[in-house]
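# Coordinate analysis (summary)
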Amino acid sequence: QEFNYGNNSATDIRSFVDSAFDSSFSYYREGGAQIPNGVISRWPIIAAGSWDDSQSPNRGFAWAQIDLPGSNDLYAVSVHLLTSDSATRGQEAVELKAIIATNFPANAWIVVAGDMNTDSRTEPAINAFTTFLSDHPIPADQVSGGNPDTNMNRNKPYDYVLPSFSLATRLTNVIIGAYSFPNGLVF
């Protein structure tokens, strides 16, 4: 989310992706948004676009179909829900759930990720998302004794990666050097 870089030209965005990841990485960035969402992938993006967020005039829901090795594609959706209030975020989640059900294949591998701006994991948005996506296991950091919160003050769960249940069965440990994090890692 907030996929702005340099002067936002295609050259600047490509330069960012090349330097932060690699020149072989694919990306999609929604156009015309003040606060654009996007998807960056090590595998080819074979289709992408943006769906309107009826609650937000300055960003949408960016999505990409990613050609993973093997027979299943990944459908990734990048979100940046509004900070205004939990009811509005709940409406955004219900809207996005309906859009995904209409546009992605049944039993697809899906991940919805980004800044949810939630005050708790029991907000209406998370309750709506977890009817078709998994919020378990919950990643945490190792520095703060296992804190799962991701906002600047580390007291609210703003950022999420929510896989579909069919994809969640394939989760594996995050391994960094000699360290292994079975629930994922907030860093």
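In short, a report on the structure. (Residues numbered from 1 in each chain as written. Predicted model: local features only at pLDDT ≥ 70, side-chain atom pairs only at ≥ 80, totals over all residues. Heavy atoms only, no water.)

Tallied over the full model, the rule gives ten aromatic pairs. Centre to centre, the rings of phenylalanine 3 and tyrosine 27 are 6.2 Å apart; their planes meet at 65 degrees, and the pair counts as edge-to-face. Remark: tyrosine 27 occurs in strand 1 (residues 26-29) and phenylalanine 3 occurs in the segment before helix 1 (10-20); sequence separation between them is 24 residues. Looking at phenylalanine 3, the relative accessible area reads 8%, which means it is buried. The class for tyrosine 27 is partly exposed, based on a relative accessible area of 27%. Both rings, one in tryptophan 63 and one in phenylalanine 104, keep their centres 6.2 Å apart while their planes meet at 70 degrees; by these two values the pair is edge-to-face. Taken as a pair, tryptophan 63 in strand 4 (residues 60-66) and phenylalanine 104 in the loop between helix 2 (86-103) and strand 6 (109-115) lie far apart in primary sequence, 41 residues in all. Taken together through their ring pairs, the aromatic side chains of Phe3, Tyr5, Phe16, Phe21, Phe25 and Tyr27 make up a single cluster. The lysine or arginine in question, arginine 42, covers the ring of tryptophan 43, its NZ or CZ lying 5.4 Å from the ring centre. (Phe/Tyr/Trp six-rings, centres within 6.5 Å; stacked < 30°, edge-to-face > 60°. Helix = DSSP H or I, 4+ residues; strand = E, 2+ residues; numbered from the N terminus. Buried < 20%, exposed > 50% of the residue type's maximum accessible area, 1.4 Å probe, protein only. Lys NZ or Arg CZ within 6 Å of the ring centre and 35° of its normal.)

Right, let's get into the sheet that holds strand 5 (residues 74-80). What the five strands build is an open sheet, ordered 3-4-5-6-7; its pairing is mixed. Edge positions in the sheet fall to strand 3 (45-52) and strand 7 (159-163), since each has one partner strand and no second. Mean inter-strand twist for the sheet, computed between neighbouring axes without regard to direction, equals 15 degrees. Sheet topology note: the strand 6/strand 7 ladder contains five bridges and is antiparallel. Across the sheet, valine 111 pairs through a bridge with proline 163, a residue of strand 7. (Pairing = 2+ DSSP bridges. Axes fitted to C-alpha atoms, helices over the stretch in contact; angles between N-to-C directions.)

Another point: the pairing of strand 6. Here strand 6 lies mainly inside the structure; six of its seven residues are buried. Where strand 5 lies against strand 6, seven bridges are found, and the strand directions are parallel. Within strand 6, the residue paired with valine 79 across the bridge is glycine 114. Where the polypeptide runs from strand 5 across helix 2 and back to strand 6, its parallel neighbour, the crossover connection is right-handed. (Right-handed = clockwise from strand over helix to strand, strands pointing away.)

Quick look at the pattern of salt bridges now. Under the criterion given, the structure shown has five salt bridges. Across the pair glutamate 123 and arginine 89 runs a salt bridge whose closest N-O atoms are separated by 2.9 Å. Here glutamate 123, found in the loop between strand 6 and helix 3 (124-129), pairs with arginine 89, found in helix 2; they are 34 residues apart in sequence, far enough to count as distant. Each member of the pair, glutamate 123 as well as arginine 89, is classed as buried. We note a salt bridge from aspartate 119 to lysine 156, for which the minimum N-O separation is 3.3 Å. Of this pair, aspartate 119 sits in the loop between strand 6 and helix 3 while lysine 156 sits in the loop between helix 3 and strand 7, and the two are 37 residues apart along the sequence. When its relative accessible area of 27% is taken as the criterion, lysine 156 is described as partly exposed. (Salt bridge = Lys/Arg side-chain N within 4 Å of Asp/Glu carboxyl O.)

Before going further, it helps to examine the nonpolar core. Counting 24 residues, the largest nonpolar core has Trp51, Val77, Leu96, Ile100, Val112, Met116 and Phe129 as the members making the most contacts within it. Elements supplying a minimum of two residues to this core: strand 4, strand 5, helix 2, strand 6, helix 3 and strand 7. Once you skip the residues sitting within four places of it in the chain, phenylalanine 129 turns out to touch Leu81, Ala93, Leu96, Val112, Met116 and Leu162. One finds Ala64, Leu68, Ala76 and Val111 within the second-largest nonpolar core, a separate group that totals nine residues. (Core = buried A, V, L, I, M, F, W, Y, C linked by side-chain atoms within 4.5 Å. Contact = heavy atoms within 4.5 Å.)

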